[in-house]
Structures are given as structure tokens and as C-alpha cells.
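Structural features, examined
Take a look at the letters that make up each chain.
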Amino acid sequence: MAELVVALDFPDAGRALGMARTLAGAAPWIKVGLELFTAEGPALVRELKAMDFKLFLDLKFMDIPNTVQGAARSAARLGVDMVNIHALGGERMARAAMAGCVEGTPEGRERPLLLAVTILTSMAAGELPVPGAPGPSEMALDLAGKAKQYGLDGVVCSGLEVAAVKASCGAGFIGLTPGIRPASSGGDDQRRVVTPAQAVRNGADYLVVGRPVIGSASPREAALAIIGEMRSV
Ligand code: C5P
């Protein structure tokens, strides 16, 4: 069954921990991304893990293989449940990231899932700054095939392309989809968006949702409504 991952996109620990307390018992997964990690670092990740959430550390590593291997090792040592890299970093970087995840996993613990970001869900056709590039969905599908070949656990892609990813990479290859917008939300910087029900129907395993939950007047209810919509499919 698909799972909701709530993005704690906050600038400080106080607000992130407050939201985590609000969501405890409603949303099993939370995500710490660039804004929060840059502000508060590993100490906050440990504190959130101690609250019994499953935690996705969304730092989208992209660097030379040796550096990414070290970063993935440090992330695995922190005890997070999922980490990611950019698929565009290529095969040697991806394999180094996996090696780092294995090396850093504490004895008796499970290695974090390692996903590759294909093409950001905020990018629309024509926005890829690569001359002659195919559309973002074609490119995402191609990168997903490469990520599978490199031995990764799955990809981050739009709910618009997850069905094609599953069809070509197999049902067991994880599809995590940001760019989720309940039918009632207004427009923002995300472009390749789908509703929670569409993402589940298209085969997504994890749905990442930030602002529609954390920016809501009642975040716990908003999360539960999304989970309800996901289960109704
Ligand atoms: O607020 P919103 O629902 O757009 O939040 C989406 C979250 O997912 C953000 O934390 C963003 O960094 C992250 N993300 C994304 N697209 C990707 C990978 C991660 O939007 N390809």
C-alpha cells in the first residue's frame, strides 16, 4: 500500500518538531530536506528518529563518487530510512552511493533505501537547460532505467511518469512521487503535478507532500484526508 511522506520544509527545529508532534501517529513517514538539514543538521534528524518516524533524508547528493560515497555513509550512520542522489551523476556515482549506504548501516539495522532523482517535478517541458533535450517525462523514464541498471532501489519522479517507470523497471522498483496536489490546491512552483488518488492509481509507492499539509490550517486533518484519498483507490 502506498505511503504518505510529509516534507518538513521548515527553517528551524522548533517548527519542525512542533509539526512532527502534530503528525505523530497520523503520518508514518517524514522528510528532512535541504532547508531544514542546512539549518539544524544531524542532531535534529536523530531527535525526529527518536520520535519513531520513518525518515527520508532528501539531500539529493550529486558530486564526485568518493564524496557521495562518504555522504551516503554518513547518512546511513545517522539511521535514516531513505536517502537519494541525482540519477544524472551517472553509474560510478550511483554505485559509490550504494557502497556508502552499505558501509554506514549500523550492525543489525536495515540499509536505507537509495533512490535516484530523475527530473525535478518543478520542471516543465522546455525548461531543461540542455540543448536538444527530450521532454522531462521521456528523460525521467530513461534515467529510471539507468538507475535500475545501476542497482538502486527506485526513483523520485512525477506521478505522471510513475506508471511507465513501473512498466519498464518492474513493480518492485520503488516510485516516490512529489508534486502531489489535492484537487483543491492552487498553483505554485511545482509543474508536473497529480492528485493523491492519481499518483496511487499510477502505481506510486510513496507520495511526498509538503505545503498542502504543513501549510494547512489543520495539518493533521490534511494528512489524514490525503491518506483517506490514497486508500480509497
Ligand atoms: O510543498 P511540496 O509538496 O511541493 O513539497 C515537495 C517536497 O518534495 C519538497 O520538499 C521538495 O524539495 C521535494 N522534492 C520535489 N521534487 C523532487 C524531489 C524532491 O518536489 N524531484
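In what follows, the accompanying structure is described. Bear in mind the structure is a predicted one, so any value in this text is a computation, not a measurement.

Observations regarding the overall build of the protein chain
Helix and strand counts for the protein chain stand at nine helices and eight strands. For the protein chain, whose C-alpha radius of gyration is 17 Å, the value lies close to the compact-globule estimate of 17 Å for 233 residues. In terms of principal-axis extent, the alpha carbons of the protein chain reach across some 45 × 40 × 30 Å. Counting every position in the protein chain, which comprises 233 residues, the buried fraction comes to 52%. Here the protein chain displays about 10300 Å² of accessible surface, and carbon together with sulfur accounts for 52% of that area. Charged side chains of the protein chain number 23 positive and 24 negative; the gap between the two group centres comes to 2 Å.

Here's the deal with helix α2 (residues 34-50)
When the terminal C-alpha atoms of α2 are compared, their 20 Å separation across 17 residues is substantially less than the 24 Å that a helix rising 1.5 Å per residue should span. Residue glycine 41 marks the point of greatest curvature in α2, where the axis turns by about 105 degrees; the proline proline 42 follows within four residues. Lining the buried residues of α2 we find α1 (13-23), β2 (29-32) and β3 (54-61).

Some details on the pairing of strand β4 (residues 82-86)
Counting buried positions over the five residues of β4 gives five, a clear majority of the element. Judged by which residues are buried, β4 turns out to be covered on both faces: Met82, Asn84 and His86 on one side and Val83 and Ile85 on the other are all buried. Note that β3 and β4 share three bridges and pair parallel. From the neighbouring strand, leucine 57 faces β4, where its bridge partner is valine 83. Chirality of the crossover, the property in question, places the unit of β3, helix α3 (residues 65-77) and β4 among those that are right-handed.

So, the site of the ligand
Near the ligand lie 17 residues; those nearest to it are Asp9, Lys31, Arg181, Gly210 and Arg211. Glutamine 190 is positioned such that a nitrogen or oxygen atom in its side chain is 2.9 Å from an oxygen atom of the ligand. Between an oxygen atom of the ligand and a side-chain N or O atom of arginine 211, the distance comes to 2.7 Å. Protein chains shield 88% of the accessible area of the ligand, which is 470 Å² for the free molecule. For the shell around the ligand, the secondary-structure elements that each account for two or more residues are β3, β8 (206-209) and α8 (211-214).

Quick word on the sheet that holds β3
Strand order in the closed barrel formed by eight strands is β1-β2-β3-β4-β5-β6-β7-β8, with parallel pairing between adjacent strands. Each strand of the sheet is rotated relative to its neighbour by a mean of 25 degrees, with strand direction disregarded. Here three bridges tie strand β1 (residues 3-7) to β2, and the two strands are oriented parallel to one another. Directly across from valine 5, in β2, lies its bridge partner tryptophan 29. Set on the sheet, α3 makes contact with β3 and β4; between it and β3 the angle comes to about 165 degrees. Taken strand by strand, helix α9 (residues 219-231) contacts β1 and β8, and its axis lies near 150 degrees from that of β1.

Observations regarding the pattern of salt bridges
Evaluated as defined, the whole model comprises twelve salt bridges. Taking the shortest distance from any N to any O, the salt bridge between lysine 60 and aspartate 58 comes out at 3.0 Å. Taking the relative accessible area as the measure of exposure, aspartate 58 reaches 7% and is therefore buried.

Notes on the state of the cysteines
Applying the stated criterion across every chain yields a total of zero disulfides. Here cysteine 101 stays unpaired: no disulfide links it, and the sulfur of cysteine 169, its closest cysteine neighbor, is 19 Å away. Taking the relative accessible area as the measure of exposure, cysteine 101 reaches 0% and is therefore buried. Here cysteine 157 stays unpaired: no disulfide links it, and the sulfur of cysteine 169, its closest cysteine neighbor, is 9.2 Å away. Of the residues examined, cysteine 157 reaches a relative accessible area of 0% and is grouped as buried.

Digging into the environment of alanine 39
For alanine 39, the position within the fold is in helix α2. Of the residues examined, alanine 39 reaches a relative accessible area of 43% and is grouped as partly exposed. Residues alanine 39 and alanine 13, 26 residues apart in the sequence, show an inter-C-alpha distance of 8.1 Å.

The rules we used
- Residues numbered from 1 in each chain as written.
- Predicted model: local features only at pLDDT ≥ 70, side-chain atom pairs only at ≥ 80, totals over all residues.
- Heavy atoms only, no water.
- Helix = DSSP H or I, 4+ residues; strand = E, 2+ residues; numbered from the N terminus.
- Rg over C-alpha atoms; globule rule 2.2 N^0.38 Å.
- Buried < 20%, exposed > 50% of the residue type's maximum accessible area, 1.4 Å probe, protein only.
- Areas by Shrake-Rupley, 256 points an atom, 1.4 Å probe, with all protein chains shown as cover.
- Lys, Arg positive; Asp, Glu negative; His and termini not counted.
- Charge placed at Lys NZ, Arg CZ, Asp CG, Glu CD.
- Expected span 1.5 Å × (residues − 1).
- Bend = angle between axes of the 7 residues up to and from the residue.
- Contact = heavy atoms within 4.5 Å.
- Pairing = 2+ DSSP bridges.
- Right-handed = clockwise from strand over helix to strand, strands pointing away.
- Near = heavy atom within 4 Å.
- Polar contact = N/O pair within 3.5 Å; in protein donor to acceptor, adjacent residues only side chain to side chain.
- Axes fitted to C-alpha atoms, helices over the stretch in contact; angles between N-to-C directions.
- Salt bridge = Lys/Arg side-chain N within 4 Å of Asp/Glu carboxyl O.
- Disulfide = S-S within 2.5 Å.

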